[in-house]
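Per-entry structural report
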Amino acid sequence: LPPRWADNFSAAGCSGKEEHSFQHPFLQAVGMFLGEFSCLGVFYLLVWRDRRRPEPSMAPSQPFSPLLFLPPALCDMTGTSIMYVALNMTSASSFQMLRGSVIIFTGLLSVAFLGRKLELSQWLGILVTIVGLVVVGLADLHSSHDQKHNLSQVITGDLLIVMAQVIVAIQMVLEEKFVYKHDVHPLRAVGTEGFFGFIILALLLLPMYYIPAGSFSGNPRRTLEDALDAFCQVGHQPLIALALLGNISSIAFFNFAGISVTKEISATTRMVLDSLRTLVIWAVSLAVGWETFHGLEILGFGVLLVGAALYNGLHRPLLACLPRNTDEAGTVAEREGLLRGESPAINSE
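Nothing here was measured: the structure is a model prediction, and the numbers come from that model.

1. A closer look at the state of the cysteines
- Summed over the entire model, instances satisfying the criterion amount to one disulfide.
- Paired by a disulfide, Cys14 and Cys232 hold their sulfur atoms 2.2 Å apart. With the S-S bond torsion at 90 degrees, the cross-link from Cys14 to Cys232 turns out right-handed. Here Cys232 lies in helix 9 (residues 227-236) and Cys14 lies in the loop between strand 1 (10-12) and strand 2 (19-21), a separation of 218 residues in the sequence.
- Using a relative accessible area of 47% as the deciding quantity, one classes Cys14 as partly exposed.

Structure follows, in structure tokens:
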């Protein structure tokens, strides 16, 4: 919601003459990584406080190379940047719903590269999710909620979101294969990825200032990114700074909470919470007038919810309530990770 709020602002740039929309996806991605990077400072603060206690409670982590986080950070940087570009082209609710396609690519990649064996219900969940994505896409095509963008922009935005989920799925596989086995503290994991992403993307803002992007760009110079124009717009409209700070703080909290809660709750609980997040985004977008109600979105969201439920094993406790003989296999499978039913990316935005 904060990035979408920032995108809706219009302010004069460095020329100080004509107002234009605040469309700086790569700069907002830098802010996201800054939020993740801040988790590293909180981690070392907690370590310092813990060591001052008579009996430290934080277990020392296994030795590992911070460079292990570089490949996932590169995937996160690429996927996040693509999604922020797409957010300028489609609605916030469609953006959130289409991100559900990550289970398709995560499931397929986990089978190919991690040797996972998906159950029949998980394959069925993937197929249902594909149907849900088609319905959400049709809702975007027929919806009149977004008058700012033409049909080609909406289609491009939706395709970019789905494309970004392929990169997010690769990130999940890399984390599962190389990172999780070291039992790194959640704050340290998020902060280290944020450090690499912040440094690399901040440096890339320099060449982006000169790379022409044509109609794909939203800044007056028509370059890939114009950070100077963004700062000038913030100076003319201080509320943009508030939206950017909201993005940074929400990302920091979301990533830490997401990776911490994953170890304590089942896939079912996490899926319900994530569905509530989608509903909140949709409700707020409707309330503030960023989009209008469309019946196909309800159908699409419902189908996506069923697909996620099948993939994460929500049907197992429901079947267990029926008067039939069951064993504990459903409970075990229900707690599998997203790669096998539950494990999320270290930073799923």
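2. Focus on the nonpolar core
- Among the nonpolar cores identified, the biggest contains 49 residues, and Phe22, Met97, Leu160, Leu201, Leu205 and Ile240 are the most heavily contacted of them.
- Looking at this core element by element, the count peaks at eight residues for helix 3 (residues 70-87).

3. Regarding the packing of helix 3 against helix 8 (residues 186-208)
- Where helix 3 contacts helix 8, the two axes come as close as 9 Å, and the packing angle between them is 55 degrees. As far as their axial angle goes, helix 8 and helix 3 are oblique. Between helix 3 and helix 8 the crossing geometry is right-handed. On the side of helix 3, the interface is formed by Leu70, Pro72, Ala73, Leu74, Asp76, Met77 and Ser81, while helix 8 contributes Glu193, Phe196, Gly197, Ile200, Leu201 and Leu204.
- Looking at the contact of helix 3 with helix 8 residue by residue, the class counts come to nine nonpolar, two polar and two charged.

4. Concerning a nonpolar patch on the surface
- Nonpolar side chains collect at one region of the surface, where Leu124, Leu127, Ile130, Val134, Leu138, Leu141, Leu151, Ile155 and Leu159 lie side by side and expose about 780 Å² of accessible area between them.
- Going through the elements one at a time, helix 6 (120-142) and helix 7 (151-179) are the ones with two or more residues in the nonpolar patch.
- No other element matches helix 6, which puts six residues into the nonpolar patch.
- Within the secondary structure, Leu141 is located in helix 6.
- Among the residues examined, Leu141 registers a relative accessible area of 40% and is labelled partly exposed.

5. Some remarks on the UniProt feature "transmembrane region" (unreviewed entry) in the protein
- The feature "transmembrane region" (unreviewed entry), as annotated in UniProt, sits at residues 26-47, 67-86, 98-115, 122-139, 151-174, 195-212 and 239-259 in this numbering.
- For residues 26-47, helix accounts for 100% and strand for 0%, while the C-alpha atoms at its two ends are 33 Å apart.
- With 100% helix and 0% strand, residues 151-174 has end C-alpha atoms that lie 35 Å from one another.

6. Quick look at the side chain of Thr223
- With respect to the helices and strands, the residue Thr223 is situated in the loop between helix 8 and helix 9.
- A residue is classified by how much of its surface remains accessible, and Thr223, at 5% relative accessible area, is buried.
- Sequence-distant contacts of Thr223, that is, excluding residues within four places in its chain, are made with Met208, Tyr209, Tyr210, Ile211, Pro212, Ala213 and Ser217.

7. Some points on the pattern of salt bridges
- In total, this model carries two salt bridges according to the counting rule given.
- The closest approach of N and O atoms between Arg53 and Asp50, which form a salt bridge, is 3.9 Å.
- Assessed through its relative accessible area of 44%, Arg53 is described here as partly exposed.
- The partner of Asp226 in a salt bridge is Arg221, and the shortest N-O contact between them spans 3.9 Å.

8. Observations concerning helix 3
- Counted at 1.5 Å a residue, the expected span for helix 3 with its 18 residues is 26 Å, and the 25 Å between its end C-alpha atoms agrees.
- Of all the 18 residues making up helix 3, 14 are buried; the element is thus mostly covered by neighbouring parts of the structure.

9. As for the environment of Phe216
- Relative to the elements of secondary structure, Phe216 occurs in the loop between helix 8 and helix 9.
- A C-alpha to C-alpha distance of 9.2 Å links Phe216 and Val85, two positions 131 residues apart in sequence.

10. Details of the side chain of Thr129
- Within the secondary structure, Thr129 sits in helix 6.
- Apart from residues lying up to four places away in sequence, Thr129 is in contact with Gly100, Ser101, Ile103, Ile104, Leu304, Gly307 and Ala308.

11. Some thoughts on unusual backbone geometry
- One non-glycine residue, Arg222, adopts positive backbone phi at about 60 degrees.
- By the element assignment, Arg222 lies in the loop between helix 8 and helix 9.

12. Points about the packing of helix 2 (residues 25-51) against helix 3
- Look at helix 2 against helix 3: their axes get within 9 Å of each other, and the N-to-C directions meet at 135 degrees. One element, helix 2, and the other, helix 3, form an angle in the oblique class. Like other packed secondary-structure pairs, helix 2 and helix 3 cross with a definite hand, here right-handed. For the pair helix 2 and helix 3, contact is made by Pro25, Phe26, Gln28, Ala29, Met32, Phe33 and Glu36 and by Ala73, Asp76, Met77, Thr80, Ser81, Tyr84 and Val85, respectively.
- Considering only residue class, the contact of helix 2 with helix 3 consists of nine nonpolar, three polar and two charged.

Conventions we followed
- Residues numbered from 1 in each chain as written.
- Predicted model: local features only at pLDDT ≥ 70, side-chain atom pairs only at ≥ 80, totals over all residues.
- Heavy atoms only, no water.
- Disulfide = S-S within 2.5 Å.
- Helix = DSSP H or I, 4+ residues; strand = E, 2+ residues; numbered from the N terminus.
- Buried < 20%, exposed > 50% of the residue type's maximum accessible area, 1.4 Å probe, protein only.
- Core = buried A, V, L, I, M, F, W, Y, C linked by side-chain atoms within 4.5 Å.
- Axes fitted to C-alpha atoms, helices over the stretch in contact; angles between N-to-C directions.
- Parallel < 35°, antiparallel > 145°, perpendicular 65-115°, else oblique.
- Left-handed = near helix turned anticlockwise from the far one by under 90°.
- Contact = heavy atoms within 4.5 Å.
- Nonpolar A, V, L, I, M, F, W, Y, C, P; charged D, E, K, R; others polar.
- Patch = residues over 30% accessible without salt bridge, like charges linked within 9 Å, V, L, I, M, F, W, Y side chains within 5 Å.
- Areas by Shrake-Rupley, 256 points an atom, 1.4 Å probe, with all protein chains shown as cover.
- Salt bridge = Lys/Arg side-chain N within 4 Å of Asp/Glu carboxyl O.
- UniProt positions renumbered as here; feature names shortened; annotations may be inferred.
- Expected span 1.5 Å × (residues − 1).

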